[in-house]
Amino acid sequence: MGKKQARGRSVVSEIVKQRESAIFLALLIVMAIIEIMAPNFLSGDNIYLVSRQIALVAIVAIGELFVILTGGIDLSVGAIMGLSGVASAGAMASGVNPVLAILFGMVIGMVIGVFNGWLVSYVFIPPFIVTLGAQEIARGTILIYTKGWPITNIPKSILFIAQGDFLSIPVPVWIMVVVAVIAEIVLTKTSFGRRIYAIGGNETATFLSGVNVKKIKFFLYVIAAFTASLVGIILVARFNSAQADAGTGWEMNAIASAVIGGTSLAGGAGSVLGCLIGACIIGVLANGLVLMRVSSYWQTAIIGTVIVLAAVLDHIRKK
Amino acid sequence: MENKTLVMKGITKSFPGVLALHDVDLEVKPGEVVGLMGENGSGKSTLMKILTGVYRLDSGTVTWGGKQVSFATTRQAQVAGISIIFQELNNCPNLKPLDNLFLGRELYRKNSPFLDLKTMQEKAAEVFKYLDVSVNMDTEVKKLSTAQQQMIEIAKALLMNVNLLIMDEPTSSLSDRETTKLFGVIRELKSRGISVIFISHKLDEAFDITDRIVVLRDGENVGELVTKDSSQDQLIMKMVGREISTLYTKRTAKPSDEVVFEVKNLSGPPYVDDVSFAVHKGEILGLAGLIGAGRTETARLIIGAVKKTKGEVLLNGKPVEIRSPEEAVAHGIAYLPEDRKVQSLVLKMTVRDNLTMSIHKVLTNWFGIINRTQEREITDKYIKSLDIKLTNREQIISNLSGGNQQKVVIAKWLATVPKLLILDEPTRGIDVHAKSEVHRIIAELADSGVAIVLISSELAEILGLSDRVVVMQEGKVRTILDRKDATQETIMSAAFSGSANGVKETA
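Residues numbered from 1 in each chain as written. Chains lettered and ligands numbered in written order. Predicted model: local features only at pLDDT ≥ 70, side-chain atom pairs only at ≥ 80, totals over all residues. Heavy atoms only, no water.

**Here's the deal with the overall build of chain B**
So, step 1. Scanning chain B for helices and strands turns up 18 helices and 20 strands.
So, step 2. Its C-alpha radius of gyration of 24 Å places chain B within 12% of the 23 Å reference for a compact globule of 507 residues.
So, step 3. Across its three principal directions, the C-alpha atoms of chain B cover 70 × 50 × 50 Å.
So, step 4. Considering only contacts within chain B whose residues lie at least 6 apart along the sequence, 65% involve residues at least 24 apart.
So, step 5. Accessible surface computed for chain B: about 22500 Å², of which carbon and sulfur atoms make up 50%.
So, step 6. Both charge centroids of chain B, one from 65 positive and one from 65 negative side chains, sit 3 Å from each other. (Helix = DSSP H or I, 4+ residues; strand = E, 2+ residues; numbered from the N terminus. Rg over C-alpha atoms; globule rule 2.2 N^0.38 Å. Contact = heavy atoms within 4.5 Å. Areas by Shrake-Rupley, 256 points an atom, 1.4 Å probe, with all protein chains shown as cover. Lys, Arg positive; Asp, Glu negative; His and termini not counted. Charge placed at Lys NZ, Arg CZ, Asp CG, Glu CD.)

Encoded structure:
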């Protein structure tokens, strides 16, 4: 009996010590405050809408997490979303089978990932520059192709991937769950995942241990492009159209979700769970501010403050 | 410059859970060189950090020049005339020597925000002349040798009118020749009445340069020796608290005639030029030479960490092409790098993570999932066989002592079951006891048939372990000596053979 209790206590203290617990607590506090100020926040309809929005940000953030864990950064995920959406919508509008069109959009988005990964890993250009350039290239390509106009005529058959639900839960949330579970397994159970953390901790030592560091880093940018492309296509289904500016600024939401979730921009530390909670905080906050009728200018400034605050708190906690 | 006496009395300091120093005394008179020795974790660094204002003491007194002092920052200590040069040199590698010399103490032209470069250059020239060293002032510090960077640190201290200079393992990355030069400088400082506290793991050096040796063990004074009246054995006994009959294990097995590994005409400019040698099964081949002789670069060429321009690598008589460390590991070639923290370990990860880093191929299934049970078994096996001291295998590796960290690195490579093991400075920065254990492990490995290449800047280590010794100098193999012909004299004369100002070593 006594033993059991002690064990229970140690499990509790173990949970409290996890960095994810602190941010989860922060999430609950934010939610409680919003619920008090805007009582319809926790209504079923609102939760349904918010969870769908959060799911999309979280998927992009998980892809970004892989890159950040090695100390890299991908600024092009927002533009990749836009590009994959436009590519698949364009194909659908010209009558291509929707499934093939989606695959086409994914491939186009991942081409940008291959470009990023190749330049970062094999040509040794800093990721900040490479992905900033890739962002502009992707945005430019979108504008050349669409001339700034949205692409409509999206087949009804694909709309369920954004607008449908299964067991009363939005399909995008299910997609997020699948992505998160796979990412968690890859990061914690596989050799690939172990090596990602090792590269973030000490790239030189990892290389000299006989790890093909270049190949791993290359694939991380492809993974980030994959999740971004996926969300880009879900956005098309959500709005019944591909907007030329879709995904603008999403790279910042993705990076912020990871950082709020305790991911170190220097690499080597971070988790899928943290990323999910980070995305929840951003999503809940954005939604709450709307419900509280705070002006959209203030919303941006407040979310920015939260990001900085999260980084400062994490720094203090580590001391 | 007035000369001051340092008296530290009854120094006690504890950290959460550990008593780091207990009632420690240390006295240093003007112009005295005092060796501070002890195994890793004996409290040497803590004592020096208290003196220089990095840590606060719990109890005890520090008197400097008759006055009781308590420095809050290293800056205050420097102003009072006490400077410390850390093992990991504290400079800005991207700046030039002059910028580093005057960093934070720049001189300005009268009543202006502009730097007075001329005066700074003159002062720098003056101090280097006094030290009798020439330093290239027009290049970034990172491009200078460690020895030269160290001279800049010494010059920096002199510019601040140092009375007491603390040197923490100053020779750990110097060649024997550079060490001799450094000792010349220390003697010069001494003659000026400047005191030096010299922290080192190298016994012969301590006996060479110090007047007195203070020994710490487990945070307490365990004795003091007047250097000229004492023997190395006495010192070792005090440090470890037990007698070590011999520092080097006698090798039993003889290496076989079977050549396991061979390099032919290996070149990688500008460091390695036409290097050839062979290693037999069960042989320890020493690779001796000065720092910069191209020994580490040769190893890096062999494992494909850098690209070779010419030459052949043969494994069991068959030529193999190795383009990366990954391929080296696949061929059964293991390389233990010289810098443990920078090149070997992921400090944030656990002992287990680090130990199994190079054997994921063995541990993973078709999906790349790591078999945890097997991983734990292998980790425990090596923790036991190498007698690694830790609380458990999930400990973060940076919490282990240097010697135990190094054993984990050795275990990491043993786990790959190598045919050829290249060890680059395997005992650098670890204490005497751990060192003798590592020596024993190396000898046992060779006896079990592994071919070993041992790179070391410590002649005693090379001589104590090697079956044959390759001596390199300026990227070339100068000579290959059999065990019976290898002596300090033959190795050093070969190591200096080509250089114009070759000095015969006396060490």
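**Remarks on the overall build of chain A**
So, step 1. Looking only at helices and strands, one finds 14 helices and two strands in chain A.
So, step 2. Taking 319 residues into account, the globule formula puts the C-alpha radius of gyration at 20 Å, and chain A, at 20 Å, falls close to it.
So, step 3. Seen along its three principal axes, the alpha-carbon backbone of chain A occupies a region of about 70 × 55 × 40 Å.
So, step 4. Relative to its full complement of 319 residues, chain A shows a buried share of 51%. (Buried < 20%, exposed > 50% of the residue type's maximum accessible area, 1.4 Å probe, protein only.)

**With respect to the side chain of His 439 of chain B**
So, step 1. Relative to the elements of secondary structure, His 439 of chain B occurs in helix H16 (residues 432-447).
So, step 2. Polar contacts involving the side chain of His 439 of chain B include one to the side chain of Glu 461 of chain B, which spans 2.8 Å. (Polar contact = N/O pair within 3.5 Å; in protein donor to acceptor, adjacent residues only side chain to side chain.)

**As for the nonpolar core**
So, step 1. Counting residues in hydrophobic clusters, the biggest one holds 95 residues, and the most contacted among them are Ile 62, Leu 187, Trp 250, Val 272 and Val 284 of chain A.
So, step 2. When residues in this core are grouped by element, the largest group, 15 residues, is from helix H3 (residues 44-69) of chain A.
So, step 3. Other than its neighbours up to four places away in sequence, Val 272 of chain A contacts Ile 62, Leu 65, Ala 180, Ala 183, Glu 184 and Leu 187 of chain A.
So, step 4. One finds Leu 345, Ile 441, Ala 446 and Ile 452 of chain B within the second-largest nonpolar core, a separate group that totals 38 residues. (Core = buried A, V, L, I, M, F, W, Y, C linked by side-chain atoms within 4.5 Å.)

**Considering the domain arrangement of chain B**
So, step 1. Looking at chain B, the domain boundaries give domain 1 (6-240), domain 2 (246-332 + 419-507) and domain 3 (341-417).
So, step 2. Each of domain 1 of chain B and domain 3 of chain B has a C-alpha centre, and these two points are 35 Å apart. (Domains from an automatic or database assignment.)

**Points about the UniProt feature "transmembrane region" (unreviewed entry) in chain A**
Residues and elements named next belong to chain A.
So, step 1. Feature annotation in UniProt places "transmembrane region" (unreviewed entry) on residues 21-42, 54-87, 99-118, 166-187, 218-237, 258-285 and 297-316, given in this structure's numbering.
So, step 2. For residues 54-87, the end-to-end C-alpha separation is 24 Å, with 79% helix and 0% strand making up the annotated structure.
So, step 3. The span residues 218-237 is 100% helix and 0% strand, and its two end C-alpha atoms sit 30 Å from each other. (UniProt positions renumbered as here; feature names shortened; annotations may be inferred.)

**Some remarks on the pairing of strand S17 (residues 420-424) of chain B**
All names here are of chain B.
So, step 1. Most of S17 is tucked away: five of the five residues are buried.
So, step 2. The side-chain alternation of S17 yields two buried faces, one formed by Leu 420, Ile 422 and Asp 424 and the other by Leu 421 and Leu 423.
So, step 3. In this structure, strand S16 (residues 333-336) lies alongside S17, joined through four bridges in parallel fashion. Note on S17: the bridge partner recorded for Tyr 335 is Ile 422. (Pairing = 2+ DSSP bridges.)

**So, unusual backbone geometry**
Among all residues save glycine, negative phi is the norm, and among peptide bonds the norm is trans.
So, step 1. A cis amide bond links Pro 269 of chain B with the next residue in sequence, Pro 270 of chain B, at an omega value of 0°.
So, step 2. For Pro 270 of chain B, the position within the fold is in the loop between strand S11 (259-268) and strand S12 (272-280).
So, step 3. One non-glycine residue, Lys 147 of chain A, lies in positive phi territory at about 55°.
So, step 4. Within the secondary structure layout, Lys 147 of chain A lies in the loop between helix H6 (127-146) and helix H7 (160-163).
So, step 5. Overall, Lys 147 of chain A belongs to the exposed group, its relative accessible area being 65%.

**So, the sheet that holds strand S9 (residues 212-217) of chain B**
Strand pairing in a sheet takes place through backbone hydrogen bonds and is either antiparallel or parallel in direction.
All names here are of chain B.
So, step 1. Pairing is mixed across the open sheet formed by six strands, whose spatial order is S6-S7-S8-S3-S9-S10. The outermost strands of the open sheet, each flanked by one partner alone, are strand S6 (82-85) and strand S10 (220-226). Averaged over all adjacent pairs, the angle separating strand axes in this sheet is 20°, with direction ignored.
So, step 2. Examined bridge by bridge, strand S7 (residues 164-168) and strand S8 (residues 195-199) share five bridges and lie parallel to one another. Following the sheet pairing, Met 167 is matched in S8 by Phe 198. (Axes fitted to C-alpha atoms, helices over the stretch in contact; angles between N-to-C directions.)

**Comments concerning the pattern of salt bridges**
So, step 1. Tallied over the full model, the rule gives 26 salt bridges over all chains.
So, step 2. A salt bridge links Glu 140 of chain B to Lys 143 of chain B, with the nearest nitrogen and oxygen atoms 3.4 Å apart.
So, step 3. Of the residues examined, Glu 140 of chain B reaches a relative accessible area of 25% and is grouped as partly exposed.
So, step 4. Three or more residues are tied together by salt bridges with common partners; here these are Arg 194 of chain A together with Arg 352, Asp 353, Glu 375, Asp 380, Arg 393 and Glu 394 of chain B. (Salt bridge = Lys/Arg side-chain N within 4 Å of Asp/Glu carboxyl O.)

**Here we look at the packing of helix H2 (residues 19-37) of chain A against helix H13 (residues 272-291) of chain A**
Working note: a packed helix pair is described by the angle between its axes plus the distance between those axes.
All names here are of chain A.
So, step 1. One can describe the packing of H2 onto H13 by two numbers: an axis separation of 10 Å at closest approach and a directional angle of 15°. Relative to H13, the element H2 lies roughly parallel. Every pair of crossing elements has a handedness; the one defined by H2 and H13 is left-handed. Residues Glu 20, Ile 23, Phe 24, Ala 26, Leu 27, Val 30, Met 31 and Ile 34 of H2 touch H13, and the partners they reach there are Leu 273, Gly 274, Ile 277, Cys 280, Ile 281, Val 284, Leu 285 and Gly 288.
So, step 2. Grouping the constituent residues of the contact of H2 with H13 by class yields 13 nonpolar, two polar and one charged. (Parallel < 35°, antiparallel > 145°, perpendicular 65-115°, else oblique. Left-handed = near helix turned anticlockwise from the far one by under 90°. Nonpolar A, V, L, I, M, F, W, Y, C, P; charged D, E, K, R; others polar.)

**Brief notes about the sheet that holds strand S13 (residues 284-288) of chain B**
Residues and elements named next belong to chain B.
So, step 1. Spatially, the six strands line up as an open sheet ordered S16-S17-S18-S13-S19-S20, and their pairing is mixed. This sheet does not close on itself; its edge strands, each paired only once, are S16 and strand S20 (476-482). Put simply, the sheet's adjacent strands are angled 20° from each other on average, direction ignored.
So, step 2. Contacting S13, S16, S17, strand S18 (451-455) and strand S19 (468-473), helix H9 (residues 295-302) crosses the sheet at an angle of about 145° to S16.
So, step 3. Sheet contacts for H16: S13, S17 and S18; angle to S18, the most-contacted strand, approximately 150°.

**A closer look at the packing of H3 of chain A against H13 of chain A**
Residue and element names in this part refer to chain A.
So, step 1. The contact between H3 and H13 brings their axes to 8 Å, and the two run at 140°. By the angle between their axes, H3 is oblique relative to H13. For the crossing formed where H3 meets H13, the hand is right-handed. Residue-level inspection shows Asn 46, Val 50, Ile 54, Val 57, Ala 58, Ala 61, Ile 62 and Leu 65 of H3 in contact with H13, the latter providing Val 272, Cys 275, Leu 276, Ala 279, Cys 280, Gly 283, Val 284, Asn 287 and Leu 291.
So, step 2. Counted by class, the contact of H3 with H13 contains 14 nonpolar, three polar and no charged residues.

**Details of the state of the cysteines**
Residues and elements named next belong to chain A.
So, step 1. Counted under the stated rule, the structure contains zero disulfides over all chains.
So, step 2. Note on Cys 275: no disulfide assigned, nearest cysteine sulfur contributed by Cys 280 at a separation of 11 Å.
So, step 3. We classify Cys 280 as partly exposed; its relative accessible area is 23%. (Disulfide = S-S within 2.5 Å.)

**Focus on the interface of chain A and chain B**
So, step 1. Contacts between chain A and chain B engage 22 residues on the former and 30 residues on the latter.
So, step 2. When the two sides are added together, the surface that chain A and chain B hide from each other amounts to roughly 2000 Å², 57% of it contributed by carbon and sulfur.
So, step 3. Applying the counting criterion to the chain A and chain B interface returns two salt bridges.
So, step 4. Taken together, the connections running from chain A to chain B amount to 14 residue pairs in polar contact (both at pLDDT 80 or more).
So, step 5. Looking at the side of chain A that touches chain B, the elements that each hand over two or more residues are helix H8 (171-189), helix H9 (191-201) and helix H10 (203-208) of chain A.
So, step 6. With six residues, H9 of chain A is the single largest residue contributor to the side of chain A that touches chain B.
So, step 7. A per-class count over the side of chain A that touches chain B returns seven nonpolar, 12 polar and three charged. (Buried area = accessible area lost by both parts, 1.4 Å probe.)

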